[in-house]
Amino acid sequence: MDTLQDKGRYGFQHIGIPPCGYLDYLSAQLANVIVGNPKEAPIFELHFPASSFIFNEAHTICISGANFVPVLNDKSIVLNTPIQVSKNDILHFMQPLLGKTSYLSIKGKIDSIAWLNSKSDFSSQLKTNDQFNIIARDGESKINSDKTEEQESKQCNINDIQKHIFNSNEIRFIPGPQWNDLTNESISNILKQPFNTSLNSNRMGYTLKGPSLELIEEKSYLSSAVTRGTMQLLPNGELIVLMANHQTIGGYANIGQIILVDLPKLVQHKSDTPFRFSIINAETAQSEYKQMQKCFS
Amino acid sequence: MIQYFKTMTKIFTNFNWKVQALGDHAIQFYLPEKMDSAMISEIKCFHDFIFSQQLKEIKDIIPSYHTITLIYDIELMHEPIEFANDLIEKYKSQREIDLPNKEVNKIIEVPVCYDENFGIDLINMSTKLNLSINEIIKIHTENIYQVYCLGFMPGFAYMGDVNIKIQTARHAQPRKNVSAGSVGIAGAQTGIYPMHSPGGWQIIGRTPFKIFDKDPAILSKFKMGDQIKFYSITRAEFESLNENEL
C-alpha cells in the first residue's frame, strides 16, 4: 500500500480522527532534507511491491528508509543521495532487500489537497495513473549548497540515522498504566524473550509474535486515549503496537509505549529478525529524540 | 447567589484529578475508573479549559470516560508532569469562579427509523429480551443519553446509559459491513456508525442524519458531553430526510 504522507493530522483526535502521518518519520525527514525540502514536507511512502513512477520533467529525488533496490531506467541507484532524473525516466523497485517502508522525496511541493492541515490520507492509496504536479520550491538543497564541511557533517548524520534504525535489535519502551496488571512471568517474558513482527502489520498497528502474555486477572478497562507506540495486550495474549493510523481511544490493557525515537526501528523490522524489549525512562527517551531531530535542522 | 457559588465550588472540588505520564510524548489526567455520567460535565469542563489555554506544546487533547490525555511536542515541552500539575492548579482556581457550562444542557434530537430492514438485529433481540419490537423502540427513545467520548472512527460517539432492559452484548463476530447511520447497542452503550464500516454492535435502526461530514466547518455532529434524545420516524420520513449515501 503506497500513500502520500506528511507529519500527520493533529488537533482532531477528540472527535475520533486518527493522526496518520509517516510510519518511519526519521527516514521520511531524511529523504526530505536531502533534496532540500522542509523535513515535514509531504512525501511518498512505499511498501513492497511498490508503485513505479514516471517523471514528466526533470527533478531531484531521494529514496530513504527501506531498500527495495530502486532502479532508474534499469540502472540501480543509491539511497540517501540526491538523484537527478530527466523527462520520461522510469523508477522501479525490484526487491525488498532491507526494511519494510521506503520513502521517495521529490524536490519541490507535491501538489495535492490538504484536509484539516494535513495531506496524509487514511483511506486512499496511490493508484495506477495518478498524477502529481510538483511545484518548484525556493531554496537550495542543503546538501548541494555547500560541498565541503556541511556535506561531510550531513553524511555523518545519515550514517548515524541509518545505523539507529536498521542495525539495532533492541526496542525501548516506557511501562504504561496497566504494566503492573501483568503476571510476573509475563513481565519477565517481555524483558527476556525475543519478539518478532508478524505479517499481520499495517499502518494501524503491528501485531507481534512472542511469548504469550497474561494479566493477573481478566479485566476490562474503560477506553482511554492511545498513541503511536502504545503496546496493547489483546485478550488472546498477543501484543499489538499502534502505528500512525491507530484508533484514538482503546480499551485493551495499555502495558507500555515504545519511545518515539525507537518506533522507526520497529516499523522497519522484518518478521524474520527477532528483537528484544528493554525499559527506558522518559527523560532519556526525550533527549535522544531531540538529539536525533538536530540532524534535520 | 453567594450560597449558589459555594455549593458549586463544593461539587467541583470533589473531583481529584491525578496525572500520569504515558510514554515520552503524552500525559494523562485521570479520575477513578468508572462509567459515570456525573463525571462527564467535569471532564468536558477541564477539556474546554485546557483547549482555551491554546498551549503551543499540546498537539491533541483527547477526553474519554475518566481521562483526558494530552499529546505533546517533545521539542517544545519541558517537565511534562510539572506542566500537567500546573494546569490542574490553574483550572481549579478558575473553576471556582466560573458558572457551569450552559451548553451541557443542550439536547440534540436525532431521528431514527426502526424499520426491520435497517434494524437488522431487532427481531433477534426481541426474542432474546422477551420484549416486542415496539417496546424496545419505546425504551431506546425514552432516555436522554450523554456522549461519553468519541473514537473507533471519526465521529463515532459512545453514548450511555442504555436501560438495562434492552442492554445486549455486541456480536462475537463483527459484521464486515455496517451501513452509515446505523444505530447500535453494545451493553450499556448506544451509538451511530458515521460511515460504512465493519462493526459488532447490535443494530436496531438507522438515522437519516449525516453524523460525520468531511467539510472542516462541520466534521462531527456530536462532541463529548452532548446530550442526545432519539425519536422514531417512519420509512417515508427517513427517505425524505436521508443525508447519507445508501
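A quick note: this is a predicted structure, and the numbers were derived from the prediction, not measured.

J.: Can you walk me through the interface of chain A and chain B in this structure?
T.: Listed as interface residues are 30 residues of chain A and, on the opposing side, 37 residues of chain B. Of all the elements in the fold, those that place two or more residues in the side of chain A that touches chain B are β15 (224–225) and α6 (282–294) of chain A. In terms of residue count, α6(A) provides more of the side of chain A that touches chain B than any other element does, six residues in total. Looking at side-chain class alone, the side of chain A that touches chain B contains 15 nonpolar, 14 polar and one charged residues.

J.: Mind showing me how you'd approach the sheet that holds strand β8 (residues 90–93) of chain A here?
T.: What the four strands build is an open sheet, ordered β3-β8-β5-β6 (chain A); its pairing is antiparallel. In this open sheet, the two edge strands, each paired with only one partner strand, are β3 (53–54) and β6 (75–76) of chain A.

J.: Would you mind going over the domain arrangement of chain B with me for this structure?
T.: Note: interface size is frequently given as the accessible area lost on complex formation between the parts. Residue and element names in this part refer to chain B. Here chain B is described as being made up of domain 1 (2–102) and domain 2 (106–241). The centre of domain 1, based on its C-alpha atoms, is set 29 Å off from the matching centre of domain 2. The interface of domain 1 with domain 2 comprises nine residues on the first partner and seven residues on the second. The element that contributes the greatest number of residues to the side of domain 1 that touches domain 2 is helix α2 (residues 37–52), accounting for five residues.

J.: Can you walk me through the domain arrangement of chain A in this structure?
T.: Residue and element names in this part refer to chain A. Domain assignment breaks chain A into domain 1 (3–165) and domain 2 (170–286). With centres defined by C-alpha atoms, the gap from domain 1 to domain 2 works out at 28 Å. Across the contact, 20 residues belong to domain 1 and 12 residues belong to domain 2. Listed by contribution, the elements that provide at least two residues to the side of domain 1 that touches domain 2 are α1 (25–34), β4 (59–67) and β9 (98–106). Residue classes in the side of domain 1 that touches domain 2 are distributed as 10 nonpolar, eight polar and two charged.

J.: Got a minute to help me understand the packing of α2(B) against helix α3 (residues 80–95) of chain B in this structure?
T.: The description of two packed helices rests on the angle between their axes and on the distance between the axes. All names here are of chain B. Interhelical geometry of α2 versus α3 gives an angle of 110° and a closest axis separation of 11 Å. Between α2 and α3, the angle falls in the class roughly perpendicular. Of the residues in α3, those touching α2 at Cys45, Phe46, Phe49 and Ile50 are Leu87, Tyr91, Gln94 and Arg95. For the contact of α2 with α3, the residue count by class is six nonpolar, one polar and one charged.

J.: Teacher, can you tell me more about α2(B) here?
T.: All names here are of chain B. Here α2 spans 23 Å end to end across 16 residues, near enough to the 22 Å set by a 1.5 Å rise per residue. Listing the buried residues of α2 in full gives Ile40, Ile43, Lys44, Phe46 and Ile50. Buried residues along α2 sit in contact with β2 (26–30), β3 (58–63), β4 (67–72), α3 and β6 (145–150). Following α2 by one or two positions, Gln54 has its phi on the positive side, about 50°.

J.: Looking at this model, I keep getting lost on unusual backbone geometry. Mind explaining?
T.: Negative phi characterises most residues that are not glycine, and trans characterises most peptide bonds. A cis amide bond links A:Phe48 to the next residue, A:Pro49, at an omega of -5°. Here A:Pro49 lies in the loop between β2 (43–47) and β3. The step from B:Gly160 to B:Asp161 runs through a cis peptide bond, and the omega angle for that step is 0°. By the element assignment, B:Asp161 lies in the loop between β7 (157–160) and β8 (175–178). The backbone of A:Asn73 shows a phi angle near 50°, a positive value even though the residue is not glycine. On the secondary structure map, A:Asn73 appears in the loop between β5 (70–72) and β6. Accessibility expressed as a C-beta count within 10 Å gives 12 for A:Asn73, which makes it exposed. In this structure, A:Leu116 takes a positive phi of about 50° despite not being glycine. You can see A:Leu116 is positioned in the loop between β10 (109–111) and β11 (133–135).

J.: Explain the confidence of the model for chain A here, please?
T.: Interpreting fine coordinate detail is not advised for predicted regions of low pLDDT. Per-residue confidence for chain A averages 92 on the pLDDT scale, and 93% of its residues sit at or above 70. Segment residues 143–148 of chain A is flagged for pLDDT under 50; beyond a separation of four residues in sequence, or across chains, it makes seven contacts in the model.

J.: How should I be thinking about the sheet that holds strand β14 (residues 205–209) of chain A in this particular structure?
T.: Note: strands within a sheet are paired through backbone hydrogen bonds, in either parallel or antiparallel orientation. Residues and elements named next belong to chain A. A sheet is described by the order of its strands in space; here seven strands give the open sequence β13-β14-β17-β16-β19-β12-β20, paired in mixed fashion. Each having just a single partner strand, β13 (196–201) and β20 (276–279) make up the two edges of the open sheet. Taking the axes of each pair of neighbouring strands and ignoring which way they run, one obtains an average angle of 40° across the sheet. By the bridge criterion, three bridges tie β14 to strand β17 (residues 239–242) in an arrangement that is antiparallel. Counted as the bridge partner of Thr207 is Ile240 from β17.

J.: Help me out: how do you make sense of the nonpolar core in this one?
T.: Nonpolar side chains in soluble globular proteins generally cluster together in the buried interior. Formed by 118 residues in total, the largest nonpolar core has its most connected members in A:Ala31, A:Ile43, A:Leu104, A:Val241, A:Ile258 and B:Ala157. Here the element with the most residues in this core is α1(A); it accounts for seven residues. Residues within four places of A:Ile258 in sequence aside, it is in contact with A:Ile171, A:Phe173, A:Gly229, A:Met231, A:Val241, A:Leu263 and A:Leu266.

J.: Help me understand the environment of B:Gln167 in this model?
T.: All names here are of chain B. Structurally, the position occupied by Gln167 is in the loop between β7 and β8. Overall, the presence of 16 C-beta atoms within 10 Å leaves Gln167 in the partly exposed class. Taking the C-alpha atoms as reference points, Gln167 and Val110, 57 residues apart in sequence, are found 20 Å from one another. With residues near it in sequence (within four places) discarded, Gln167 still touches Val162, Ile185, Gly187 and Ala188.

J.: Help me understand the pairing of β2(B) in this model?
T.: If a strand is regular, its side chains alternate between the two faces of the sheet. Residues and elements named next belong to chain B. In terms of burial, β2 is largely enclosed, as four of its five residues are buried. Pairing between strand β1 (residues 18–21) and β2: four bridges, direction antiparallel. The residue of β2 that forms the bridge with Ala21 is Ile27. Between β1 and β2, which pair antiparallel in sequence order, lie four residues; one of them, Gly23, sits at a positive phi of approximately 70°. Of the pairings in the sheet, the one linking β2 to β4 comprises five bridges and is antiparallel in character. Each residue of the ladder has a partner; that of Ala26, found in β4, is Ile71.

The rules behind each value
- Residues numbered from 1 in each chain as written.
- Chains lettered and ligands numbered in written order.
- Predicted model: local features only at pLDDT ≥ 70, side-chain atom pairs only at ≥ 80, totals over all residues.
- Contact = placed C-beta atoms within 7 Å.
- Helix = DSSP H or I, 4+ residues; strand = E, 2+ residues; numbered from the N terminus.
- Nonpolar A, V, L, I, M, F, W, Y, C, P; charged D, E, K, R; others polar.
- Pairing = 2+ DSSP bridges.
- Domains from an automatic or database assignment.
- Axes fitted to C-alpha atoms, helices over the stretch in contact; angles between N-to-C directions.
- Parallel < 35°, antiparallel > 145°, perpendicular 65-115°, else oblique.
- Expected span 1.5 Å × (residues − 1).
- Buried ≥ 20, exposed ≤ 12 C-beta atoms within 10 Å, placed from the backbone.
- pLDDT = per-residue confidence, 0-100.
- Core = buried A, V, L, I, M, F, W, Y, C linked by C-beta atoms within 7 Å.

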